[in-house]
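So you can see what is in the structure, the chains are spelled out below.
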Amino acid sequence: MSGDSDCTRTSPSAGSPSDNELLPDRPKYVCSLSPDLVTKAREELQEKPEWRLRDVQALRDMVCKDYPSLGTCLDDAFLLRFLRARKFDYDRALQLLVNYHTCRRTWPEVFSNLKPSAIKPVLESGFVTVLPHRDPEGRHVVCIRPDRWTPSNYPITENIRAIYLTLEKLIQSEETQVNGIVILADYKGVSLSKASHFGPFVAKKVIGILQDGFPIRIKAVNIINEPRIFKGIFAIIKPFLKEKIANRFFLHGCDLNSLHQNIPPAILPEEYGGTAGKLDISAWNELLLASEEDFLHDFSQLLGPCDSSPRATLVSGDAEDKQCDDSLRGMKPQLYYCY
């Protein structure tokens, strides 16, 4: 991801055959999708290869016209992520791009100094990793294990930073942009004290990023080994979930056979009744840490003037924060009851 981070240079109109000639310093997009994925993208995402660059240019023109101070990367490959995530609906893709930047600018505890080396303790704990094999639908499986987190060691925002960088790494792949991802969350050993760190304010922020602020398709969320306390956690999360996403949550309890109906044992580690060997976090950690310079370069393209309008797009201010605080007071009794 590289290229101009502002709109000071005027792009030609959408569909112009001379786009790449007039912008020689912008990397030329080369599709890496297999023929099968090209077909899948056409059927599921309304992506037409013959119109792809025209669509990207249309989104670029909208950014330059409506948000000239957004400070975003304008490369074809980068903008294409947002178009795919919103099935090539220009308006929705633009809103997603603006939300992406809004999230980054309104939560400094998560997005300041965001790089793999800064969240190395989280990676070493095994809180989040990616299984080495994709599922039959070609989707990576992101494994999250909250029991690996010790709150006294670092705040919950460090875990969110690690998840965000994991998603940023995954979404670099065009295959993932088309196929999406699957989440496997193991809540074994999650106590009331640990769950209390995930209040409505944090829940709202995280759900806002995953649903409306990041260009990735979450196709399923599999919850396993959830204790009774999870009823309280889910009660906090659910009001912020869109119906489509809520319907993609699957609660398996301790039933591995139920999990295997969604994720085949062939790609699961032994810890989850699979045949893929012991869960190994080292390979993913090494890959993420080795991407440090790439992240620093890519994120540098997102630094630009902070327009006041994007800030108001996703977060409406003190009123919503107060509403979250009020919700927290109402949710705490539910947590204690479920526990």
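Residues numbered from 1 in each chain as written. Predicted model: local features only at pLDDT ≥ 70, side-chain atom pairs only at ≥ 80, totals over all residues. Heavy atoms only, no water.

The protein chain has the name TTPAL protein in an unreviewed UniProt entry, where Tyrannus savana is given as its organism.

A. The arrangement of helix H5 (residues 90–106) in detail. Taking 1.5 Å per residue as the helical rise, H5 with its 17 residues ought to reach 24 Å, and the 24 Å between its terminal C-alpha atoms agrees with that figure. H5 sits mainly inside the fold: 12 of its 17 residues count as buried. Buried within H5 we find Ala 93, Leu 94, Leu 96, Leu 97, Val 98, Asn 99, Tyr 100, His 101, Thr 102, Cys 103, Arg 104 and Thr 106. Near the N-terminus of H5, the side chain that reaches the backbone nitrogen of Asp 91, with its oxygen 3.1 Å away, is that of Asp 89. (Helix = DSSP H or I, 4+ residues; strand = E, 2+ residues; numbered from the N terminus. Expected span 1.5 Å × (residues − 1). Buried < 20%, exposed > 50% of the residue type's maximum accessible area, 1.4 Å probe, protein only. Polar contact = N/O pair within 3.5 Å; in protein donor to acceptor, adjacent residues only side chain to side chain.)

B. Representation of the packing of aromatic side chains in the model. Counted according to the given criterion, the structure contains eight aromatic pairs. Between Tyr 100 and Phe 214 the ring centres are 6.1 Å apart and the planes differ by 45°, which places this aromatic pair in the tilted class. One end of the pair, Tyr 100, is in helix H5; the other, Phe 214, is in the loop between helix H11 (200–212) and strand S4 (218–224), with 114 residues separating them in the sequence. In this structure, Tyr 100 and Phe 214 share a single accessibility class: buried. Geometrically, the ring pair formed by Tyr 164 and Phe 214 is edge-to-face, given 5.2 Å between the ring centres and 75° between the ring planes. Within this pair, whereas Tyr 164 is found in helix H8 (residues 156–170), its partner Phe 214 is found in the loop between H11 and S4, the two being separated by 50 residues in sequence. With respect to burial, Tyr 164 and Phe 214 carry one shared label: buried. Site record: aromatic cluster; members linked through ring pairs are Phe 78, Phe 82, Tyr 100, Phe 111, Tyr 164 and Phe 214. Against the face of Phe 299 rests Arg 104, its NZ or CZ located 4.5 Å from the ring centre. (Phe/Tyr/Trp six-rings, centres within 6.5 Å; stacked < 30°, edge-to-face > 60°. Lys NZ or Arg CZ within 6 Å of the ring centre and 35° of its normal.)

C. Structural context of empty space enclosed by the protein. Within this structure, the stated rule accounts for three cavities of 30 Å³ or more. Considering only enclosed or pocket space, the largest cavity measures out at about 690 Å³ in volume. Around the largest cavity, the lining is made up of 33 residues, and of these Ile 144, Ile 163, Tyr 187, Phe 198 and Val 206 lie nearest the centre. Counting residues per element, the ones that place at least two in the lining of the largest cavity are strand S2 (140–144), H8, strand S3 (181–186), helix H10 (192–195), H11, S4 and helix H12 (229–237). The biggest single contributor to the lining of the largest cavity is H8, with six residues. Its residues assigned to classes, the lining of the largest cavity shows 30 nonpolar, two polar and one charged. (1 Å grid on protein atoms, 1.4 Å probe; cavity = no way out; pocket = protein on both sides within 12 Å on 5 of 7 lines; lining within 4 Å. Points joined across faces, edges and corners; volume = space filled by probe spheres on them. Nonpolar A, V, L, I, M, F, W, Y, C, P; charged D, E, K, R; others polar.)

D. Spotlight on the pattern of salt bridges. Summed over the entire model, instances satisfying the criterion amount to 13 salt bridges. Residues Arg 84 and Glu 174 are paired through a salt bridge, measuring 2.8 Å at the closest nitrogen-oxygen approach. With Arg 84 in helix H4 (residues 76–85) and Glu 174 in helix H9 (residues 174–179), the pair connects residues that are 90 residues apart, well separated along the chain. Glu 174 shares its class with Arg 84; the two are buried. A network of salt bridges, in which partner residues are shared, links Glu 47, Arg 52, Arg 84 and Glu 174. (Salt bridge = Lys/Arg side-chain N within 4 Å of Asp/Glu carboxyl O.)

E. Quick look at the pairing of S3. Summarising burial for S3: six of the six residues are buried, a large majority. Residue alternation in S3 divides its side chains into two sets, Ile 181, Ile 183 and Ala 185 and Val 182, Leu 184 and Asp 186, and both sets are buried. Bridge analysis of S2 against S3 gives five bridges, and the strand direction is parallel. Considered in S3, the bridge of His 140 is made with Ile 181. Relative to S4, S3 runs parallel, the two being bridged by six bridges. Paired with Ile 183 across the two strands is Val 221, which belongs to S4. (Pairing = 2+ DSSP bridges.)

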